[in-house]
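As a plain string of letters, each chain reads:
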Amino acid sequence: MTAEELRAQVAAFLAEHDPASMSALDFLRARFDAGLAWVHFPEGLGGQGAPRALQAEVEAAFAAAGAPDNNPRRILIGLGMAAPTILAFGTEEQKKRYLRPLWTGEEVWCQLFSEPGAGSDLAALATRAVRDGDDWVVTGQKVWTSSAHLAQWAILVTRTDPDVPKHQGMTYFLCDMTAPGVEVRPLRQITGEAEFNEVFLTEVRIPDSQRIGAVGEGWKVAQTTLMNERVAIGGTAMPREGGMIGLVAKTWRDRPELRTPDLRDRLVQHWVEAESLRLAGERQRQQLAVGAPGPEGSAMKVAFAELNQQLSGLELELLGEEGLRYEDWTMRRPEQVDFFGRDAGYRYLRAKGNSIEGGTSEVLRNIISERVLGLPSEPRVDKDVAWKDLPR
Amino acid sequence: MSTPDLLYSDVEEDLRSSVRALLTDRAGPAALLARVETDTPYDLSLWKTLAADLGTAGLMVPESLGGHGASPREVAVVLEELGRSVAPVPYLGSAVLATAALLAAGSDLLPQLASGSVIGALAVPLSTAPGSAFPSAVSFLDGTVTGRVSTVVDASVADLLIVPAVGPDGPGLYAVDASAATVTEAVSLDLTRRVADVALDSAAAQVICTGAAAAEALAHALTAAAGLLASEQTGITEWALTETVTYLKGRYQFGRPVGGFQSLKHRLANLYTELVNARATARYAADALTTGNDVPIAVSVAQARVSPIAVHAAEEAIQLHGGIGMTWEHPAHLYLKRAKSDQIAFGTPGRHRALLADLVDLPA
């Protein structure tokens, strides 16, 4: 499969399906059925087993034709995490059932992983699933759940065997968010808005047919989800002055009355760091394109979080008097983070999450030092202890 | 702006392998330490093998002028390896700085430098940044040059001095046989890279170029050297990280390998993050110098970013090695001295940030 062949396929598809005269949903369903949704997926599941790198060609061709997109706000969890996990561990029936409406955006997904007592130490989670005939009965509390209030489906990790060490007694499910016993509550955060939710699961019945992977193998399945999460964060090409640095540089140029010598030196330093990080991202993409992925991803996430936090802090200082004001503390429920659409105070506060979400910078530094540099791992005091005997 | 190539080609990796094999064999830490205080601090037999036999002196020189028709990208790979080994050879002064000046000037002296048979030095202080005014310390009159230039890199082993001087017709670049100058070796902070003061007293000088061409050739040499130095600094960073990781895996205290303590692991993870940034940034500068695109910004970003990273890495190597890191017998100090000297060479990070602020329109 070459880029030219794919472009020809897209052209042939567009000749038969005019995005201007069809409903967006019909168009997306047809695109999925033609194997032009995610070209690296197998035939019959929206793809044709083509190299993943060719996806960008397909997206560009559809975008140029004014085709509807399958809504970016669902990408991170549904497309980026649920889909690759279902593809890797789901049964044929599960793949046929879930992947098409996931890709078209008919069904929104969320991720029921983190718990109040199990964030960075995800394997400590306590949400219980108990077998009852053909069903499992699930009870527990999840947290930091983006889009839970919009989602039809969730990927869910549970504890099914408390008598074995924590990594062994977990099982992975697909949870219907409209099932009785699922309650979603907004979780208001530092910015005043509720971008995330708490999800309470009270005796929720999940059919065994919605289990992904074997009983007790939930950790292995979850690893696939988490690896895809890190790939999904920070994978796009950026122009010079893309992101936060561009915004601050523009304010600097537009508002000479705000400039001070100390802020200038810090701004130029951050400009240099931003450009360097952009080049590191570009280098990583070039390595991926030739099939030699480097281990740089975790390092770049750490660096990005730090830079974004410093720049958003600098932006507030630069604005001076205006930085003392906040646009609106009214609680809202955004569908996605509107980082650049809101004011500087919001950016300063929201950026604090950059070093926590998707793996804290501390955990990522452990990953870099242990998996990249080969340094000894932290002593594991919980390795051979049954989950039920761990202090909590 | 076309997409820069930030990876290493197979040819570059082959070049790296042969340079690394040579330096591992001939410039190990014990050999370096034994040599630095002797009367022959530079290893000119190693230079001959590296420059002439491996052909690295003429990498960025076209084949028609006696070189190998490669590019600054390949020179950058050699410098990465020289940064990893701090081998005492005059590569920066001759194969980078003097060669870049002669290349820009289109001089017929190039084949001698490209072959490695003649060592060249550009008679400016090593700290001179791109964008500096044309130096007026030396004057040209009636076929001779007179004046003093201090802290010239690699001058003490040079055969040929390329001297910027101002004459009745304005600025010019002149070739002076080193035997016609008084070259006084200085005590260098960097034990493996020497600097010397050059005194010229009516020394016979051959015109290389004059006027705007001379100013441009000098500016090009300083820009190229500043940009390529980032690759040497990347090599220093890589050495410091690799050595420190190895040491901390094997050093036991409190009943555990020291490298298992989280406070140290996180510092090394930070160094790794800096190395990832340094490598991409240095590669970009080398690629920019090769394609001619975006050169001033690429070079100043490289020096503003990679210089402090190399110093940080060398300082962390000293600290994390503990007591042994402070001793003369461990090579860490050689890298610290190189890293700190490199930070000053061709403009400090602050100097490059000032250049950059104008280039990218961040006015005061």
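Anything mentioned here points back to the structure above.
Definitions and limits used
- Positions within a chain are numbered from 1, following the residues in the order the chain's sequence is written.
- Chain A is the first chain written and ligand 1 is the first ligand written, with later ones labelled in order.
- Totals for whole chains, interfaces and linings use every residue, but because this is a predicted model, local features are given only for residues with pLDDT of at least 70 and side-chain atom pairs only at 80 or more, for both listing and counting.
- Just so you know, side-chain values use all the structure's heavy atoms and leave hydrogens and water out.
- Each helix is a run of DSSP H or I of at least 4 residues and each strand a run of E of at least 2, with the numbering of both proceeding from the N terminus.
- Every radius of gyration here is taken over C-alpha atoms, with the globule rule written as 2.2 Å times N^0.38, N being the number of residues.
- Partly exposed residues are those whose accessible area sits between 20% and 50% of the maximum for their type, while under 20% is buried and over 50% is exposed, using a 1.4 Å probe and protein chains only.
- Under this rule, positive means Lys or Arg and negative means Asp or Glu; His and the chain ends count for nothing.
- Every charge is mapped to an atom, namely NZ of Lys, CZ of Arg, CG of Asp or CD of Glu.
- Contact between two residues is taken to exist if any of their heavy atoms lie within 4.5 Å; hydrogens are not considered.
- Values labelled buried area give the accessible surface lost by two parts on being combined, using a 1.4 Å probe and summing over both.
- The salt bridge criterion pairs a side-chain nitrogen of Lys or Arg with a carboxyl oxygen of Asp or Glu, the two atoms within 4 Å.
- Nitrogen and oxygen atoms within 3.5 Å of one another constitute a polar contact, given that in protein one can donate a hydrogen and the other can accept it, and given that sequence-neighbouring residues count only through two side-chain atoms.
- Note on residue classes: Ala, Val, Leu, Ile, Met, Phe, Trp, Tyr, Cys and Pro are nonpolar, Asp, Glu, Lys and Arg are charged, and everything else, Gly too, is polar.
- Aromatic rings from Phe, Tyr and Trp, with only the six-membered ring used for Trp, were paired whenever their centres fell within 6.5 Å, and each pair was classed as stacked if the ring planes differed by under 30 degrees, edge-to-face if by over 60, and tilted otherwise.
- Distance and angle both matter: a charge sits over a ring if NZ of Lys or CZ of Arg is within 6 Å of the ring centre and within 35 degrees of the ring normal.
- Residue types Ala, Val, Leu, Ile, Met, Phe, Trp, Tyr and Cys, when buried and joined through side-chain atoms within 4.5 Å, form a set referred to as a nonpolar core.
- Pairing between strands is defined by DSSP: at least two bridges between the two strands are required.
- Axis definition: a line fitted to C-alpha atoms, over the contacting stretch in the case of helices. Angles run 0 to 180 degrees between N-to-C directions.
- Here a crossing is taken to be left-handed if its near helix is turned anticlockwise relative to the far helix by less than a right angle, and right-handed if that turn runs clockwise.

Let us now look at the overall build of chain A. Helices and strands together make up the secondary structure of chain A, namely eleven helices and eight strands. Computed over C-alpha atoms, the radius of gyration of chain A comes to 23 Å, within 12% of the 21 Å expected from 2.2 N^0.38 for 392 residues, which places it in the range of a compact globule. Taken along the three principal axes of its C-alpha coordinates, chain A extends 70 × 60 × 45 Å. Residues counted as buried form 52% of the 392 residues belonging to chain A. In chain A, 45 positive and 56 negative side-chain charges are present, and the distance between their average locations comes to 2 Å.

Now for the interface of chain B and chain A. At the interface, 43 residues of chain B touch 43 residues of chain A. Summed over both sides, the interface of chain B with chain A buries roughly 3,700 Å², with 64% coming from carbon and sulfur. Where chain B meets chain A, there are six salt bridges. Between B:Asp358 and A:Arg264 there is a salt bridge, with its nearest N and O atoms 3.9 Å apart. On inspection of chain B and its partner chain A, the count reaches 22 residue pairs in polar contact (both at pLDDT 80 or more). Among the residues making up the side of chain B that touches chain A, the classes are represented as 23 nonpolar, nine polar and eleven charged.

With that out of the way, let us pick up the packing of aromatic side chains. Each aromatic ring pair is summarised here by two numbers: the centre-to-centre distance and the angle between the ring planes. Per the counting criterion, the structure on display carries 18 aromatic pairs over all chains. Ring centres 3.5 Å apart and planes at 5° place the aromatic pair B:Trp239 and B:Tyr335 in the stacked group. Here B:Tyr335 lies in helix 10 (residues 332-344) and B:Trp239 lies in helix 7 (residues 212-250), a separation of 96 residues in the sequence. The class for B:Trp239 is buried, based on a relative accessible area of 9%. The exposure class of B:Tyr335 is buried, given its relative accessible area of 4%. Cluster of aromatic residues (ring-pair linked, three or more members): A:Phe32, A:Trp38, A:Phe41 and A:Trp103. Directly above the ring of A:Phe62 sits A:Arg31, whose terminal nitrogen or CZ lies 4.0 Å from the centroid. We note A:Arg185 situated over the ring of A:Phe200; from NZ or CZ to the ring centre the distance is 3.9 Å.

Within the largest apolar cluster, 157 residues are counted, with the highest numbers of intra-cluster contacts made by B:Leu82, B:Tyr91, B:Val145, B:Leu161, B:Leu200, B:Leu268 and B:Phe346. Here the element with the most residues in this core is helix 7 of chain B; it accounts for 16 residues. Excluding residues within four positions of it along the chain, B:Phe346 makes contact with B:Leu92, B:Leu97, B:Leu126, B:Ser127, B:Thr128, B:Ala129, B:Pro130, B:Leu222, B:Ala225, B:Ala226, B:Leu229 and B:His352. Counting 33 residues, the second largest nonpolar core, distinct from the first, contains A:Phe41, A:Ala82, A:Trp109 and A:Val221.

Residue and element names in this part refer to chain B. Relative to strand 3 (residues 144-153), strand 2 (residues 138-141) runs antiparallel, the two being bridged by four bridges. The partner of Ser139 across the bridge, within strand 3, is Thr146. Connecting strand 2 to the antiparallel partner strand 3 that follows it, the hairpin turn spans two residues, and Asp142 within it adopts a positive phi of roughly 50°. Pairing between strand 3 and strand 7 (residues 195-204): seven bridges, direction antiparallel. Residue pairing in the sheet places Thr144 in a bridge with Ala204 of strand 7.

On to the pattern of salt bridges. Tallied over the full model, the rule gives 60 salt bridges over all chains. Between A:Asp121 and A:Lys166 there is a salt bridge, with its nearest N and O atoms 2.7 Å apart. Residue A:Asp121 is found in the loop between strand 1 (109-112) and strand 2 (128-132), and its partner A:Lys166 is found in the loop between strand 4 (153-159) and strand 5 (170-176); the two are separated by 45 residues along the sequence. Residues joined in a network through salt bridges with shared partners are B:Glu13, B:Arg16, B:Arg20, B:Glu80, B:Glu81, B:Arg84, B:Glu238 and B:Arg279.

Now for the packing of helix 7 (residues 244-254) of chain A against helix 8 (residues 261-289) of chain A. All names here are of chain A. Their axes nearest at 10 Å, the elements helix 7 and helix 8 cross at an angle of 145°. Crossing hand, helix 7 versus helix 8: left-handed. When helix 7 is examined against helix 8, the residues Ile245, Val248 and Trp252 are found in contact with a partner set consisting of Leu263, Arg264, Leu267, His270, Trp271 and Ala274. Its residues assigned to classes, the contact of helix 7 with helix 8 comprises seven nonpolar, one polar and one charged.

Here we take up the environment of A:Leu349. Residue placement: A:Leu349 occurs in helix 10 (residues 344-350). In contact with A:Leu349, not counting residues within four places along its chain, are A:Ile190, A:Thr191, A:Tyr326 and A:Trp329.

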